[in-house]
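# A structural walkthrough
So the chains spell out like this:
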Amino acid sequence: MTATEKTAEHTPEDVAEKQGTGTTTSGRVLRTAGRFEHFFNARSRLNLLGYVVVCARYTHISGAPLSKPVLFAALEDVIRQNVALAARFVPSSSEGVWIALSRVDLNRVVNFVDQGSAELPKLIEEIFVQPSEFLEDMPQWRLVVLRDGMVLFAYDHTIGDGQSGLAFHHNLLASLRRVKLIGDPVLEHSGIVSSLPEDAKLTPALEDATDTTVPFTMMIREVSKLLFPFLDRKKGASWSGYPTQQPPTLVTHVRLLEYTPEQTSNLIKLSRDHKATLTSTIHTLSLIVLSRTIYAQPANHKYKHVRTYIPMSLRPLTKAPRSAICNHVSVHAVYHPLFRSPPATISKDTFPWEKASALTATLKRKFPGSAHAIGLFKYLNGKYDEYILGMVGKKRPGALELSNLGAFPEPPTKEGEEVEWHIQEMFFVQADATLGAALKVNPVGTAAGGLGISITWGKGAVDDEFAEEFVKAFDEGMRVLSQ
């Protein structure tokens, strides 16, 4: 069965044998899916989008390990409060729905491995090459637990954006802290989570939570680009690595960088002093390093621009809490001129702070209308597969994606309450090897106040030597700026 056939294997009649209770033969209908969710689901079913992974290392004040019974008890608490973790997407040729599972078997969802965080990059790479599973009795997420308490939450992009990874760990940490209040220590747990709340609801789809109407001028501009590609004058002179892979690949290379709370605090203060944010500073540093790496190859001197993507959380517009697992995100995509003579070394004094502060101002100005871009999916008329497959083998649309999850939202505690569980290191990693930007830089603020950054690239998107040079120079620049 082909991926396209799998997408259409459920008809509206299959998922809509509705009774008066709002259920189908396969489970209770939670709600109709949004177009944005359809788009991500199509990419996953076509094996063109791997899992999103957000990692966090859990520690107990006693030094006790994160045992299976304790974790399962906490996960049951999390699932009961977040029905997205007990739901599956049932697609159709026109309109799909979210169905509630009757139960979640954690023994099949959670995998304990006898490895430590030193093997983290390799483990994440192994997760990325696993095609997403769409089973009738399984949710669309998996958990991998390492012996040192590192927990890898891997989830299909259909159920959540990057912020949803933070939300999961926020909820899990809060539940772990509650487990000890339930009564006697947790000695065993079957791993079966059943009898889920009948009144549980999914967070509304993005299109139902805020206005995604496409302004007329935006529609004309985007349609013109499709009909007359030559109007996108910067595209031909922009570097974006190699064309999207044909045949597609899920193979993704992962590199992880860590910065201490002191380094992170210094970098944030330095950015603010120059009317910039951490996002715009990291973006500007990435452009400098990318320009230097590109122009190190004479054949690349013809390029003048790069197109970059900066995802923006829409939760302030949709009113979705940071603890919600949902897909409420848009993206700021724009061409940036390459630095024709990028500095050989990075320093605080010579850093182009004017570019960083200008980007900060631009993102602030663009944010209120950023949801309109999601409205463009309406004009695909449900032909997601055709649109997605049409990008394979073509010029890669972007050079760099910078997706900053921001600071970890620490769960609130009562005054005087003894907190036993904590989170230390954190990483946010995403793949999108075939169709995504050539390089991806993914920062996340740790619960301890530090910063974890992953840099990824798909096999064949750029030469490995090129990517490794970018990682090395980027890390050197970060350490200089954070001194």
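Residues numbered from 1 in each chain as written. Predicted model: local features only at pLDDT ≥ 70, side-chain atom pairs only at ≥ 80, totals over all residues. Heavy atoms only, no water.

### Some words on the domain arrangement of the protein
We count it as follows: Note that the domain bounds reflect an automated or database-derived domain assignment. Buried area: the accessible surface (1.4 Å probe) lost by two parts on joining, summed over both. By definition here, a salt bridge exists when the distance from a side-chain nitrogen of Lys or Arg to a carboxyl oxygen of Asp or Glu is within 4 Å. Note on conventions: DSSP H or I runs of at least 4 residues are helices, E runs of at least 2 residues are strands, and numbering of each starts at the N terminus. For this classification, the nonpolar set comprises Ala, Val, Leu, Ile, Met, Phe, Trp, Tyr, Cys and Pro, the charged set comprises Asp, Glu, Lys and Arg, and every other residue, Gly included, is treated as polar.
Domain annotation for the protein reports domain 1 (28–194) and domain 2 (211–482). Interface area for domain 1 against domain 2, summed over the two sides, is near 5300 Å², with a carbon-plus-sulfur share of 66%. At the junction of domain 1 with domain 2, the criterion picks out five salt bridges. Counting residues per element, the ones that place at least two in the side of domain 1 that touches domain 2 are α3 (35–45), β3 (52–60), α6 (120–128) and α7 (162–179). Considering each element in turn, the side of domain 1 that touches domain 2 owes the most residues, 13 residues, to α7. Of the residues in the side of domain 1 that touches domain 2, the class split is 35 nonpolar, 16 polar and seven charged.

### Considering empty space enclosed by the protein
Put simply, the test is: In this analysis, the protein atoms alone were mapped onto a 1 Å grid. Cavities are point sets where a 1.4 Å probe fits without being able to get out; pockets are open sets with protein on both sides within 12 Å along at least five of seven lines; lining residues have an atom within 4 Å of a point. Grid points are joined across faces, edges and corners, and a volume is the space filled by probe spheres set on the points.
Within this structure, the stated rule accounts for two cavities of 30 Å³ or more. In this model, the largest cavity occupies a volume close to 50 Å³. When the residues that make up the lining of the largest cavity are grouped by side-chain class, the tally is six nonpolar, one polar and two charged. Size it by volume and the second largest cavity reaches roughly 40 Å³. Lining the second largest cavity we find Lys235, Ser238, Trp239, Ser240, Arg307, Tyr335, Lys395, Arg396, Pro397, Gly398 and Ala399. The class makeup of the residues in the lining of the second largest cavity is four nonpolar, three polar and four charged.

### Side note on the layout of surface pockets
Reported here for the second largest pocket is a volume of approximately 310 Å³. Ala100, Leu101, Ser102, Arg103 and Leu196 are, among the 20 residues lining the second largest pocket, the residues nearest its centre. Elements with a contribution of two residues or more to the lining of the second largest pocket: β2 (27–32), α4 (68–81) and β6 (103–105).

### Concerning the pattern of salt bridges
Spelled out, the test is: Exposure classes here rest on a 1.4 Å probe applied to the protein chains alone. A residue is buried below 20% of its type maximum, exposed above 50%, and partly exposed in between.
Applying the stated criterion across every chain yields a total of 16 salt bridges. Where Glu133 meets Arg142, a salt bridge forms, and the shortest distance between an N and an O atom there is 3.1 Å. A relative accessible area of 39% means that Glu133 is categorised as partly exposed. Between Glu222 and Arg221 there is a salt bridge, with the nearest N and O atoms lying 3.8 Å from each other. The class for Glu222 is partly exposed, based on a relative accessible area of 26%. Looking at Arg221, the relative accessible area reads 41%, which means it is partly exposed. The network of salt bridges with shared partners includes Glu125, Arg255 and Glu468.

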